[in-house]
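Chain by chain, the residues:
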Amino acid sequence: MPRIARLTNEERAAALATLPQWRLADDASGISRSFNFPDFVTAFGFMSRVALLAERADHHPEWSNVYGRVDIRLTTHDADGLSQRDIALAREIEVLLAV
């Protein structure tokens, strides 16, 4: 399987400019965002929708859920850091929130 390219500093900066609520990890290995929902059922429904996107993309988030909060971290292990796959999934997650 071909190795996935890690984003350059310039590519990373440009991509994050389009995702203002996502934060770059201190070591620049991934991006993260916390989401707050009114209750567990709403948070879980959001996670289910993200899971379907992730499965379709074959790119799965690191995440946790506590009641109405969902924390998501995106990184590409095959790239040893942030890749275009992470940016694409973050953008799809943002679209879910707009619906």
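Naming follows an unreviewed UniProt entry, where the protein appears as Putative pterin-4-alpha-carbinolamine dehydratase of Sphingobium lignivorans. The UniProt entry for the protein carries the following comment under Catalytic activity (unreviewed entry): "(4aS,6R)-4a-hydroxy-L-erythro-5,6,7,8-tetrahydrobiopterin = (6R)-L-erythro-6,7-dihydrobiopterin + H2O". Checking UniProt for the protein, the heading Sequence similarities (unreviewed entry) contains the comment "Belongs to the pterin-4-alpha-carbinolamine dehydratase family."

Engineer: Quick question: what am I supposed to make of the pairing of strand β3 (residues 62–66) here?
Structural biologist: Working note: regular strand, side chains alternate between the two faces of the sheet. With 5 bridges connecting them, β3 and strand β4 (residues 69–74) associate as antiparallel partners. Each bridged residue has a counterpart across the sheet, and for tryptophan 63 the counterpart in β4 is isoleucine 72. Hairpin remark: β3 followed by β4, antiparallel, with 2 residues in the connecting loop; positive phi at tyrosine 67, about 50 degrees.

Engineer: Looking at this model, I keep getting lost on the pattern of salt bridges. Mind explaining?
Structural biologist: Pairing between side chains becomes possible if they bear opposite charge and their charged atoms approach one another. Considering all chains together, one arrives at 3 salt bridges under this definition. The salt bridge partner of arginine 69 is aspartate 71, with a shortest N-O separation of 3.0 Å.

Engineer: Just to check I follow, could you spell out the pairing of β4 for this structure?
Structural biologist: Bridge analysis of strand β2 (residues 31–36) against β4 gives 6 bridges, and the strand direction is antiparallel. In the sheet register, phenylalanine 35 faces β4, and the bridge partner there is valine 70.

Engineer: Which parts of the structure should I look at to understand the packing of aromatic side chains?
Structural biologist: Under the counting rule described, the total for this entry stands at 4 aromatic pairs. Consider the rings of tryptophan 22 and phenylalanine 35, whose centres lie 6.0 Å apart with planes at 70 degrees: the pair is edge-to-face. Of the two residues, tryptophan 22 sits in the loop between α1 (9–17) and β1 (23–24) while phenylalanine 35 sits in strand β2, which places them 13 residues apart along the sequence. The class of phenylalanine 35 is buried, set by a relative accessible area of 3%. Look at phenylalanine 35 and phenylalanine 46: their rings are 4.9 Å apart centre to centre, the planes differ by 45 degrees, and that puts the pair in the tilted class. Taken as a pair, phenylalanine 35 in strand β2 and phenylalanine 46 in helix α2 (residues 40–57) lie far apart in primary sequence, 11 residues in all. Here phenylalanine 46 falls in the buried class, since its relative accessible area comes to 0%. Linked through ring pairs, Trp22, Phe35, Phe37 and Phe46 together constitute an aromatic cluster.

Engineer: Hey, could you run me through α2 in this one?
Structural biologist: It helps to recall that an α-helix has 3.6 residues per turn; residues three or four apart then point in one direction. With 18 residues, α2 ought to run about 26 Å at 1.5 Å a step, and its terminal C-alpha atoms sit 25 Å apart, in line with that. All of the buried residues along α2 are Ala43, Phe46, Met47, Val50, Leu53 and Ala54. Mapping the buried residues of α2 onto a view down its axis gives an arc of 120 degrees, with all of them on the same face. Those residues of α2 that are exposed and angled more than 90 degrees off the buried face are Val41, Leu52, Glu55 and Arg56. Residue aspartate 39 occupies the N-cap position of α2, its side-chain oxygen lying 3.3 Å from the main-chain nitrogen of valine 41. Remark: aspartate 58 follows α2 within two positions and exhibits a positive phi of approximately 50 degrees.

Cut-offs and rules
- Along every chain, residues carry numbers that run from 1 in the direction the sequence is written.
- Since the coordinates come from a predicted model, pLDDT governs what is reported: local features require at least 70, and pairs of side-chain atoms require 80 or more to be given and counted, while whole-chain, interface and lining totals use all residues.
- Excluding hydrogens and water, the side-chain figures rest on all heavy atoms present in the structure.
- UniProt positions are given in the numbering used here, feature names are shortened, and annotations may be inferred rather than shown by experiment.
- In this analysis, strands are considered paired if DSSP registers two or more bridges between them.
- Secondary structure elements are defined from DSSP: runs of H or I of at least 4 residues count as helices, runs of E of at least 2 residues count as strands, and each element is numbered from the N terminus.
- Definition used for salt bridges: Asp or Glu carboxyl oxygen within 4 Å of a side-chain nitrogen of Lys or Arg.
- Only centres within 6.5 Å qualify two rings of Phe, Tyr or Trp (six-membered ring in Trp) as a pair; their planes then separate them into stacked at under 30 degrees, edge-to-face at over 60, and tilted for everything else.
- Three labels apply to residues, based on accessible area from a 1.4 Å probe with only protein chains included: buried if under 20% of the type maximum, exposed if over 50%, partly exposed otherwise in between.
- An expected span of 1.5 Å times one less than the residue number is assigned to each helix.
- By arc we mean the arc of the directions from the helix axis to the C-beta atoms, nothing more.
- A 3.5 Å cut-off defines polar contacts: any pair of N or O atoms within that distance qualifies, except that in protein one atom must be a possible hydrogen donor and the other a possible acceptor, and neighbouring residues in sequence count only when both atoms are side-chain atoms.

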